[in-house]
Each structure stands twice: as structure tokens, then as C-alpha cells.
Amino acid sequence: MASCATGTEAAIRAAACRDGDAASHLKLISVLVIFLTSVFGISGPVLLARYFHGKPLYDKAVLVIKCFAAGVILSTSLVHVLPEAFESLADCQVSSRHPWKDFPFAGLVTLIGVITALLVDLTASEHMGHGGSGGGMEYIPVGEAVGGLEMKEGKFGADLEIQERNEEEIVKMKQRLVSQVLEIGIIFHSVIIGVTMGMSQNQCTIRPLIAALSFHQIFEGLGLGGCIAQAGFRAGTVVYMCLMFAVTTPLGIVLGMMIFAATGYDDQNPNALIMEGLLGSLSSGILIYMALVDLIALDFFHNKMLTTAGDSGSKLKKLCFVALVLGSASMSLLALWA
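This is a predicted model, so every value here is computed, not measured. (Residues numbered from 1 in each chain as written. Predicted model: local features only at pLDDT ≥ 70, side-chain atom pairs only at ≥ 80, totals over all residues. Heavy atoms only, no water.)

Q: Describe the nonpolar core, naming the residues involved and giving the relevant values.
A: Within the largest apolar cluster, 41 residues are counted, with the highest numbers of intra-cluster contacts made by Leu182, Ile228 and Met290. Listing elements by their share of this core, those giving two or more residues are α2 (20-52), α3 (58-90), α7 (149-199), α8 (203-231), α9 (235-263), α10 (270-302) and α12 (311-333). Every residue in contact with Ile228, bar those within four places of it in the chain, is listed here: Ile42, Val46, Ser179, Phe233, Val238 and Met241. Ala23, Leu26, Ile193 and Ile206 belong to the second largest nonpolar core, which has 10 residues in total. (Core = buried A, V, L, I, M, F, W, Y, C linked by side-chain atoms within 4.5 Å. Buried < 20%, exposed > 50% of the residue type's maximum accessible area, 1.4 Å probe, protein only. Helix = DSSP H or I, 4+ residues; strand = E, 2+ residues; numbered from the N terminus. Contact = heavy atoms within 4.5 Å.)

Now the structure itself:
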């Protein structure tokens, strides 16, 4: 966060760090490094899921990866994105102006993000419900069912099979929707990171950011990749989604460099801070909703493998909880550097 009143020593240190040529060189290196780490992060869970597909532990392995992913995404939203959004709008260059000093806009836009994600979820669920309504079991009156059980048995079994197929298809459609909305939220966040770094002319800030953002992209990629792996997309869609995630931050860096070249705005310009704060708040709201409702609550309270009574269900639930904590902790730890 920029300070409105800096001491002489701090001003001299800041001036020494502001080197446009050195900063541009570092940013070009970061484009390649961040692209490669993003590819590594997001492709890991997808390739593992392909390798284990059809093997006895496949469903359990994908579920554990997804719980780790949920922890990463929840931590991303609450520890990284939301504090940065509040910090941008609380900067003295912004908070001294109307209307930014009169109302907590970061919280409001986060709320809008949550409600928007809920609206998308409700609309899609209603559409999927109508789509699957024609495949349910045919109603058989009790008298007819008892009197002609043998006659109905074959039809009844076929109807049950059709209903199970429809339920599985609805679950897959839901998982695909979750993956797509998550990618939208993460792309918002990645664009903000990239543009902010691209506009910065401070080489002292950029140098440690390259390493920190590389790890950041690996963990965020693991999170999104875990969700993509479970959704069962076609190969072409998987490649497209992975590529979109991998190129967003590097393209954001290039866009930030272009914005600075065209306008002279750096990452401490009030207009840049306002845009960063608003987009970050919206992204945070989407990610909070998706992590809590569509990942954590859906798996821990509605997944058959975790709600089944017995030792196997209990052990898997504990393993998934540990994966969730590890995902949250690993991403939270990165907040020390990025």
C-alpha cells in the first residue's frame, strides 16, 4: 500500500528501486516462469486423475485432491484476495476521496460476488432439474404394483437404471458448472495479479514476487485442476481450461506493461487501486461462495463416500479433512511473501 507521507530515507530507497528497464527485464522473465509453473500446477491433478482412472482408488483419490483444492481456494479468497482488495481501497490516495471514504465498498462488492455466484448456481440447478425430470421412474399405483409385480419387474428395474444414470449426469453437470465458475473467479484474480505486476516499476518489489507468485500459481493450479479432474470434461475442454488458467497471469503482466506505456499509470495510481480493489472484491465473493457451498459443504455433507456409516467412511472423512487443512495452510503460508 502506498504511503501518502513518506520520510526522506524511504523516498530515497523507493527512488533507487524504480528502474523501468530493470523492471521490464524482470517482468519478461516472470511471464515465462509463471506460465510454466501454472501449467505444472493445473496439469498435475488432471494427469493423476487420468492415470488412476478405472483403478479401485480412483474415486477416493479424486475426492481427496478436491478437498485439498477446496482448502487452497478458500484460503486464496480469504487470506490473499480479500485483504488485498480492502488494502487497495483503504489506500490514503483513494480513501481520502468521495465516495470511497464514505462507504466500505470492498465488503459490498464481495457481497455482490457471493450473491452473483448463488444466482448462477440457482439458475443452473433449475435448468438441470428440468432437464432431468423426464427420466424419472414411472408412477405405479400400489394395487397394480402388488397384483402384477412379476409383470412390472423388468420395467421397474429398467426405470431404476435410467433414474440412476440421470442422477449421475446431473451430478456431473453440477461439477462442470462449479469448475467453470471457479475458473472465472480465479481468472479475475489472476488478471489483477498480472496487471498490478505489469504496471509496477519497482524492481525491488518485482524480484521476490516472481518466486512467490510461481508457488502461488502452483497451489492455485492444484486447486482448480482438482475440480476439473472430477468434472469429467472432454479432453479438448480440459486442455482449453488448463491453457486459459496458465496464460491469464502472463497476459495480465503484458497488459499491465501496455497500460503503463500508454498512460503512465503505475500500480500506485488511484484509478489503478480502485479497479484492483473492486475486481478483487468481486473475485473474492465468487471464490468464497464456491469454496464453502459447492466444494466443502457438497462433499462433506452430501457425498455418498463421506456420508456412509462405518470405518471406511469415517477414515475417508478424516483424510479429506486433513487434505482440506493442508490446502488451506499451504496457501495461507504463501501470504508471507505474496
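Q: Describe the confidence of the model for the protein chain, with residues and values.
A: Across the protein chain, pLDDT averages 78, with 80% of residues at or above 70. At the level of individual helices and strands, the protein chain shows its lowest average pLDDT in helix α6 (residues 142-147), which scores 44, and its highest in α9, which scores 90. Here residues 131-152 is a poorly scored stretch, pLDDT under 50, and it has 16 contacts once near neighbours within four places are set aside; other chains count. (pLDDT = per-residue confidence, 0-100.)

Q: Pulling in residues and values, what's your account of the UniProt feature "transmembrane region" (unreviewed entry) in the protein chain?
A: Following the UniProt record, one finds the feature "transmembrane region" (unreviewed entry) at residues 28-49, 61-83, 103-120, 181-200, 206-226, 238-265, 277-298 and 319-337. A helix fraction of 95% and a strand fraction of 0% characterise residues 181-200, whose end C-alpha atoms lie 29 Å from each other. As annotated, residues 206-226 has a helix share of 100% and a strand share of 0%, and its two end C-alpha atoms lie 29 Å apart. (UniProt positions renumbered as here; feature names shortened; annotations may be inferred.)

Q: Go over a nonpolar patch on the surface with me, naming the residues and quoting the values.
A: A cluster of nonpolar residues, Phe103, Leu108, Leu111, Ile112 and Ile115, forms a patch on the protein surface that exposes about 440 Å² of accessible area. Tracing the backbone through its elements, the reader meets Ile115 in helix α5 (residues 105-132). You can call Ile115 partly exposed: its relative accessible area is 49%. (Patch = residues over 30% accessible without salt bridge, like charges linked within 9 Å, V, L, I, M, F, W, Y side chains within 5 Å. Areas by Shrake-Rupley, 256 points an atom, 1.4 Å probe, with all protein chains shown as cover. Salt bridge = Lys/Arg side-chain N within 4 Å of Asp/Glu carboxyl O.)

Q: Give a description of the packing of aromatic side chains that names residues and reports values.
A: Taken as a whole and assessed by the stated rule, the structure comprises two aromatic pairs. Judged by centre distance (5.4 Å) and plane angle (65°), the rings of Phe103 and Phe105 are edge-to-face. An aromatic cluster of at least three residues, connected via ring pairs, comprises Trp100, Phe103 and Phe105. (Phe/Tyr/Trp six-rings, centres within 6.5 Å; stacked < 30°, edge-to-face > 60°.)

Q: Provide a residue-level description of the side chain of Glu220, including the pertinent values.
A: Relative to the helices and strands, Glu220 is located in helix α8. Here Glu220 occupies a buried position and makes no salt bridge, while the nearest side chain of opposite charge, Lys66, is found at 18 Å. Setting aside residues up to four positions removed in sequence, Glu220 forms contacts with Val72, Thr76, Ile186, His189, Ser190, Phe245 and Met331. (Lys, Arg positive; Asp, Glu negative; His and termini not counted.)

Q: Describe in detail unusual backbone geometry, supporting the description with residues and values.
A: In this model, His98 is joined to Pro99 through a cis peptide bond whose omega is -5°. With respect to the secondary-structure elements, Pro99 resides in the loop between α4 (92-95) and α5.

Q: Outline the environment of Val81, listing residues and values.
A: Inspection of the secondary structure assignment puts Val81 in helix α3. Distance in space between the C-alpha atoms of Val81 and Ser281 is 7.2 Å, their sequence separation being 200 residues.

Q: Pulling in residues and values, what's your account of the packing of α8 against α9?
A: Contact geometry of α8 with α9 gives a least axis separation of 11 Å together with a crossing angle of 160°. Looking at the two axes, α8 sits roughly antiparallel to α9. Considering the relative orientation of α8 and α9, their crossing is right-handed. Within the contact between the two elements, α8 uses Gln217, Glu220, Gly221, Leu224 and Ile228 and α9 uses Val238, Met241, Phe245 and Thr249. By residue class, the composition of the contact of α8 with α9 is five nonpolar, three polar and one charged. (Axes fitted to C-alpha atoms, helices over the stretch in contact; angles between N-to-C directions. Parallel < 35°, antiparallel > 145°, perpendicular 65-115°, else oblique. Left-handed = near helix turned anticlockwise from the far one by under 90°. Nonpolar A, V, L, I, M, F, W, Y, C, P; charged D, E, K, R; others polar.)

Q: Residue-level account of the side chain of Thr37, with values.
A: Mapping Thr37 onto the fold places it in helix α2. With residues up to four places along the chain from it excluded, the contact list for Thr37 reads Ser214, Gln217 and Ile218.

Q: Quick rundown of α10? Include the residues and the values.
A: Taking 1.5 Å of rise per residue, 33 residues should cover 48 Å, and α10 covers 45 Å from first to last C-alpha, within 8% of that figure. Of all the bends in α10, the greatest measures close to 35° and is centred on Ile296. (Expected span 1.5 Å × (residues − 1). Bend = angle between axes of the 7 residues up to and from the residue.)

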